[in-house]
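Architecture at a glance
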Amino acid sequence: MGLFLLIFTSTFLGVCAATLQQNPQERFSGSDRRDTGNDIFSDILSSNQGSSRFMLQGDIAVKRNRNALVCRGKSCLWPKSGDGLVRVPYTLSNNYRQSIFCITASEEKEIIQAAMEEVTVLTCIRFIPRHGEPDYLRIQPHAGCWSYIGRVGGAQDLSLMKTGCLHWGIIQHELLHALGFQHEQCRSDRDKYIRINWGNINQDKERNFYKMSTQNLGVPYDYLSVLHYGKFAFANDAGKPTLEPTGDPQAVIGQRVGLSSVDVVKINKLFQCNVCSYLLPDARGTFSWESKQRPNISTCVWLIRVPEDKVFLQFESFSVQSSPACAQGSVTVYDGMSTKSPILLQKTCGNVRPLGQVASGKLVRIELASRGTGINFKAIYNSIQCGRTLTRTTGNFSTPGFPGKYPNSANCVWILSAPAGNKITLHVAPFSLESSLNCSYDYFLLRDGQRQMKRCGIVRVLDFISTTRSLVVYFHSDSSVQENGFFATYSFAPIS
């Protein structure tokens, strides 16, 4: 028994240590260790079942002598400083301690701070550790997930229970309440967009669906807001929806990730933030910039946050006025949402289209700096299951699960990027993919500048020497038939 406990403990601690080495933004963005598959609000309601606190609309706390649901004018907004920033002081309880699944006290705090950081990257809100400010958020692990609406004054509790509430989207849901936002489906204009099925709601819960007099800020109704109820919120029968979009009952409402792109717009409009920022939360998409149409904007940020897997970013066109040290304009790409994250693309200008980039996870930050009008680019991104950017002199890569069979429906990209004046030697063996006419099912695709090579089936050895300093290797598998895949080694060497 003692030996078993020692082996278990050593293994457990080893797994924990490996987990802790990961980027906290990647560990916690859009998921937690207790992935229920529910929408954000369903998980909030589940966590709040054991709370004795009286709450309105499921998670809004009530302060004596104050209407918890009304924020008139700007009376409950956090104040804006002369530099255009809205600083929200906060404290994090020391009761966030070690718990199951390797989550330590510091990790629990990292989850909260990482969810905060996404708000600060995209808006003028700045959550700052408290240094004596009289009004502040006091974030503690009380029973349940809940918050007050807006700034109420003094030490303002916001509860994030350790079991159930430490989820990126739940944290942001409660933070947005604290900034002054109501639930989306209670908007004054909601009847144009959503139908309330009163017969499917528990009678003592009907008040949670009452419309309110809200400031809608000229922003479209958002089914995917982090503040929207899920389709079955407060249902008296688990299979009967309480909310349905008008015109399309099958449309998705509610979500389980985090801020929506419209949530970002709402924050910036409510606080009149003078920022240029875009959240790109879909599995794939495009974005572009033409500086002549926006000559007065000197900085802009795009934050890609794919729902799962990792980001593959490519520039379809790229033209940024050249200047010494790219002082007149540049584009920088980070492997994460912070400027402290590893850099995927150094500050770049000129007319040479950059190589594609494979991130280590779900988050990529693209930052534009401009002092003129000579910047134009278009980029596309999508999520891929595997792959990475390879910049070391030698290395290797393989299909997922090698030497076992690769999974169905996989898409992987490896980008080999050698220093200027170098070539790349690639050796692939063994090689076994499903065979098909024109390699239309599973395939290995290699691109070397304008050259392209596509292979499938069984190949004894595949050797290739590049004519450029970069290679892109794609692997695709369809929904059936699995083989053992391939193993590749590479090396960089100066062109002789």
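Look above for the structure.
Residues numbered from 1 in each chain as written. Predicted model: local features only at pLDDT ≥ 70, side-chain atom pairs only at ≥ 80, totals over all residues. Heavy atoms only, no water.

Focus: the overall build of the protein
Check the secondary structure of the protein and you find 6 helices and 28 strands. Every one of the 496 residues in the protein was classed for burial, and the buried ones make up 51%. Expressed as a percentage of contacts within the protein between residues at least 6 apart in sequence, the contacts between residues at least 24 apart total 74%. A total accessible area of about 23,100 Å² is found for the protein, and carbon and sulfur atoms account for 51% of it. (Helix = DSSP H or I, 4+ residues; strand = E, 2+ residues; numbered from the N terminus. Buried < 20%, exposed > 50% of the residue type's maximum accessible area, 1.4 Å probe, protein only. Contact = heavy atoms within 4.5 Å. Areas by Shrake-Rupley, 256 points an atom, 1.4 Å probe, with all protein chains shown as cover.)

As for the sheet that holds strand E16 (residues 357-358)
Ordered in space as E11-E18-E13-E16, the 4 strands form an open sheet in which the pairing is antiparallel. Every other strand in the sheet has two partners, leaving strand E11 (284-290) and E16 as the edge strands with one partner each. When strand E13 (residues 310-320) meets E16, the two strands line up antiparallel, connected through 2 bridges. The partner of Phe 312 across the bridge, within E16, is Val 358. (Pairing = 2+ DSSP bridges.)

So, the pairing of strand E14 (residues 329-334)
Counting buried positions along E14 gives 6 out of 6 residues, so the element sits mostly inside the fold. Side chains of E14 alternate between two faces, with Gly 329, Val 331 and Val 333 and Ser 330, Thr 332 and Tyr 334 buried alike. Of the pairings in the sheet, the one linking E14 to strand E17 (residues 363-370) comprises 6 bridges and is antiparallel in character. Directly across from Val 331, in E17, lies its bridge partner Leu 368. Note that E14 and strand E15 (residues 343-348) share 3 bridges and pair antiparallel. Its bridge partner being in E15, Val 333 is matched across the sheet by Leu 345.

Description of the side chain of Ser 417
Summarising the element assignment, Ser 417 is placed in strand E21 (residues 411-417). When near neighbours in sequence (up to four residues on either side) are disregarded, Ser 417 contacts Leu 355, Leu 390, Thr 391, Arg 469 and Phe 492.

Topic: the sheet that holds strand E19 (residues 386-390)
Here 5 strands make up an open sheet; going across it, the order is E19-E21-E27-E23-E24 and the pairing mixed. Of all strands in the sheet, those with a lone pairing partner are E19 and strand E24 (451-455), marking the two edges. Pairs of neighbouring strands in the sheet enclose a mean axial angle of 10 degrees, with direction left out of account. Two elements, strand E23 (residues 443-448) and E24, share 5 bridges in a ladder whose sense is antiparallel. Paired with Leu 446 across the two strands is Met 453, which belongs to E24. (Axes fitted to C-alpha atoms, helices over the stretch in contact; angles between N-to-C directions.)

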